[in-house]
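Coordinate analysis (summary)
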Amino acid sequence: MPNFVKIMLLFYQPELTNGVKHLDADESRHAVKVLRLKEGSHIHVTDGHGNLYEARITDENHRKCGFELLQNHPEQAFRTYRHLVIAPTKNMDRMEWLVEKATEIGVDRISLIKCSNSERTVVKTDRLIKKAVSAMKQSLKATLPQVDEIVSFKNYLQNETAQQKFIAYVDFENPVELQTVIHPGEENVVLIGPEGDFSPEELQMALDSGFRKVSLGTSRLRTETAGLAAVHLLNLFGK
């Protein structure tokens, strides 16, 4: 990515491709009231789909800050599609932390599943998406990960079409480590279970659906730690 990203002010407008050339109310307030940007100030705007624009403010309205686009610097797409599927933790602060950190490191999609041992079966994804947007801007990225509504484990399996499918399961006799089987250039999906792990029945369902059991190392990890470890490995070995 160009060197200018080190010092730019990055804002998010998902409707850029639909011709919207102004910031929403929250972004406008931050730009005009907090940062005190004026007409003619240069900013950068992303649509969350890999497009990163240099822009110039044309209307310093704190409710609807207008801008014009100057130049697009598309973000280079990561070679491997990184899909994390995870059972949400009981404490949502831990899930918000995971979404934030996974976005900073790099993830394309986060799906939430309900399992037999799940302690949380209802999730409001709007706050998770806000965390992802904030992390995208903070880490100067131009791609916002997709965050899916929670579904049952069975329904998820019925609709998964990824090329490379892995399930992280606590089995210290399992010699297959995730980093050794990642396929760069393809869609890799990793399943992470709840604190009580997947049930034996769920594990068998996944294996019958084409998933491969993998290890994330020799340590027993909490759900959100396992999720972040999987994302990190996908980034390191999916190049």
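Right above here is the structure, for reference.
Residues numbered from 1 in each chain as written. Predicted model: local features only at pLDDT ≥ 70, side-chain atom pairs only at ≥ 80, totals over all residues. Heavy atoms only, no water.

1. Comments concerning helix α3 (residues 125-138)
Going by this rule: Helical segments are the DSSP runs of H or I of at least four residues, strand segments are the runs of E of at least two, and each set is numbered from the N terminus. In a helix, the anticipated span is given by 1.5 Å times the number of residues less one. Throughout, exposure labels follow a simple rule: accessible area from a 1.4 Å probe, protein chains only, divided by the maximum for the residue type, with under 20% read as buried, over 50% as exposed, and the rest as partly exposed. Throughout, the arc means that of the directions going from the helix axis to the C-beta atoms. Every residue pair with non-hydrogen atoms within 4.5 Å of one another is taken to be in contact.
The terminal C-alpha atoms of α3 lie 20 Å apart, and with 14 residues this matches the ideal 20 Å at 1.5 Å per residue to within 8%. Regarding α3, the residues found buried are T125, L128, A132, V133, A135 and M136. The buried residues of α3 occupy an angular sector of 165° when the element is viewed end-on, so they sit on one face. Of the exposed residues in α3, those oriented more than 90 degrees away from the buried face are K130 and Q138. In this structure, the buried residues of α3 make contact with β1 (10-12), β2 (42-46), α2 (92-105), β6 (109-114) and β7 (146-147). Looking one or two places after α3, you find L140, whose phi comes out positive at around 60°.

2. Quick notes on the pairing of strand β10 (residues 187-192)
Which entries qualify depends on this criterion: For two strands to be treated as a pair, DSSP must find at least two bridges joining them.
By the criterion of burial, β10 is predominantly enclosed, with five of the six residues buried. Pairing of strand β5 (residues 81-86) with β10, which is carried by six bridges, proceeds in the parallel orientation. What sits directly across from H83, in β10, is V189. The pairing of strand β9 (residues 164-168) with β10 spans four bridges and is classified as parallel. From the neighbouring strand, Q164 faces β10, where its bridge partner is N188.

3. Regarding the layout of surface pockets
Our working definition: Computed over the protein atoms alone on a 1 Å grid, cavities are sets of points where a 1.4 Å probe fits but cannot get out and pockets are open sets with protein on both sides within 12 Å along at least five of seven lines; a residue lines them when it has an atom within 4 Å of a point. Grid points are joined across faces, edges and corners, and a volume is the space filled by probe spheres set on the points. When residues are grouped by polarity, Ala, Val, Leu, Ile, Met, Phe, Trp, Tyr, Cys and Pro land in nonpolar, Asp, Glu, Lys and Arg in charged, and all others, Gly among them, in polar.
When its volume is computed, the largest pocket comes out at roughly 380 Å³. Lining the largest pocket are 23 residues, with A168, Y169, V170, S219 and L221 sitting closest to its centre. Of the residues that constitute the lining of the largest pocket, the class distribution is ten nonpolar, seven polar and six charged. Size it by volume and the second largest pocket reaches roughly 280 Å³.

4. What about unusual backbone geometry?
Both trends apply: most residues other than glycine have a negative phi, and most peptide bonds are in trans. In this model, R36 sits at a positive phi of 55°, which is unusual for a non-glycine residue. Position of R36 relative to the elements: it lies in the loop between α1 (25-34) and β2. Judged by its relative accessible area of 62%, R36 falls in the exposed class. Look at D197: it is not a glycine, yet its phi comes out positive at around 65°. Locating D197 in the fold gives a position in the loop between β10 and α5 (200-208).

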